[in-house]
Amino acid sequence: MRLVLLGAPGSGKGTQAQRLEARRGVPQVSTGDLLREAVAAGTELGRAAKAVMDAGQLVDDATMLGIIRERLARPDAKRGFILDGFPRTLVQAEGLARLLDDIGQPLDAVVLFEIDPLVLERRLAGRRTCRRCGRVFHLESNPPRAGEFCTDGKPHELYQRPDDTEETVRRRLAVYCERTQPLVDHYAEQGLLRRIDADGSLDDVGARLDAALREGV
Ligand code: AP5
């Protein structure tokens, strides 16, 4: 299974990618997570990316293509991958197509998460992430259950992403409309696009994702 999950910030790509990874054993590849790991590690990439991410802008295409090339070369990606947050521009989509062509692993499908922008703002305001395992929660719709533990046996230690402030969320949504939405037509023309309604419970959206995948993966 080789998938791209496409959708606005907060549409639920990361949440469903984590659930799909658990169901199918195919790794989630989140470029946002890879960048946040570089920021936390204080690498040169992380230092350069932090300012861009905090401003709600996109890291440059050449850097992102380099990160993806390296990540897809790791052994676990031989089983397939769920790309979450990549590609985000036409240049990235074209670079990805060349890379997948080189390694003989073309995409099976691109799933677009469709949702009302007002829902997105509520979701991002309440999002909390586990600092240790990266699992995504929501204060109202998906809080950690009492007594639920992280991968290291300790309770989840949650934090709010610095780019989830009101002003940065508005910027990220505008950047999505301008830079990423053109990918919808791009992948529709290639016959790869599947659309799902991303509003509903986590289980309902997961079931719609499975149904969309049955159409073509
Ligand atoms: P990234 O981390 O990729 O952020 P994003 O695409 O903006 O997406 P989000 O992670 O905000 O949302 P999501 O759709 O995954 O929603 P989630 O599942 O968390 O990128 C961050 C930054 O890195 C970018 O702004 C950019 O600077 C840089 N970057 C990354 N990739 C790049 C690239 N390719 N090129 C250039 N720059 C790049 O859900 C949100 C909340 O809603 C959670 O709290 C969740 O629990 C809740 N929720 C989810 N589903 C439901 C549901 N069905 N019902 C109720 N609540 C739900």
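The coordinates are above.
It should be emphasised that the depicted structure is a prediction, and the values quoted were computed from it without experimental measurement.

> Got a minute to help me understand the side chain of threonine 31 in this structure?
When you line up the elements, threonine 31 lands in helix 2 (residues 31–41). Those residues in contact with threonine 31, other than ones at most four positions away along the chain, are Met64, Ile68, Asp84, Gly85, Phe86 and Arg88.

> Would you mind showing me how to read the nonpolar core here?
Burial of nonpolar side chains together is a common tendency in soluble globular proteins. Counting residues in each nonpolar core, the largest one holds 53 residues, and the members touching the most others are Leu72, Leu83, Leu96, Leu107 and Tyr187. Beyond its immediate sequence surroundings of up to four residues, leucine 96 is in contact with Val4, Leu65, Ile68, Leu72, Leu83, Phe86, Pro87, Leu107 and Tyr187.

> Any chance you could explain the sheet that holds strand 1 (residues 2–7) here in plain terms?
For sheets, the rule is that strands pair by backbone hydrogen bonds, running either parallel or antiparallel. Strand order in the open sheet made by the five strands is 2-3-1-4-8, with parallel pairing throughout. Whereas interior strands pair on both sides, the edge strands pair on one side only; in this sheet they are strand 2 (28–30) and strand 8 (193–197). Taking the axes of each pair of neighbouring strands and ignoring which way they run, one obtains an average angle of 25° across the sheet. The pairing of strand 1 with strand 3 (residues 81–84) spans four bridges and is classified as parallel. Paired with leucine 5 across the bridge in strand 3 is aspartate 84.

> Where do I start with the site of the ligand in this structure?
Close to the ligand lie 35 residues, the nearest being Thr15, Gln57, Arg127, Phe137 and Arg172. Here valine 59 contributes a backbone N or O atom positioned 3.1 Å from a nitrogen atom of the ligand. Take phenylalanine 137: an N or O atom from its main chain is 2.6 Å from an oxygen atom of the ligand. Protein contacts shield 96% of the accessible area of the ligand, which totals 1000 Å² for the unbound molecule.

What counts as what
Residues numbered from 1 in each chain as written. Predicted model: local features only at pLDDT ≥ 70, side-chain atom pairs only at ≥ 80, totals over all residues. Heavy atoms only, no water. Helix = DSSP H or I, 4+ residues; strand = E, 2+ residues; numbered from the N terminus. Contact = heavy atoms within 4.5 Å. Core = buried A, V, L, I, M, F, W, Y, C linked by side-chain atoms within 4.5 Å. Buried < 20%, exposed > 50% of the residue type's maximum accessible area, 1.4 Å probe, protein only. Pairing = 2+ DSSP bridges. Axes fitted to C-alpha atoms, helices over the stretch in contact; angles between N-to-C directions. Near = heavy atom within 4 Å. Polar contact = N/O pair within 3.5 Å; in protein donor to acceptor, adjacent residues only side chain to side chain. Areas by Shrake-Rupley, 256 points an atom, 1.4 Å probe, with all protein chains shown as cover.

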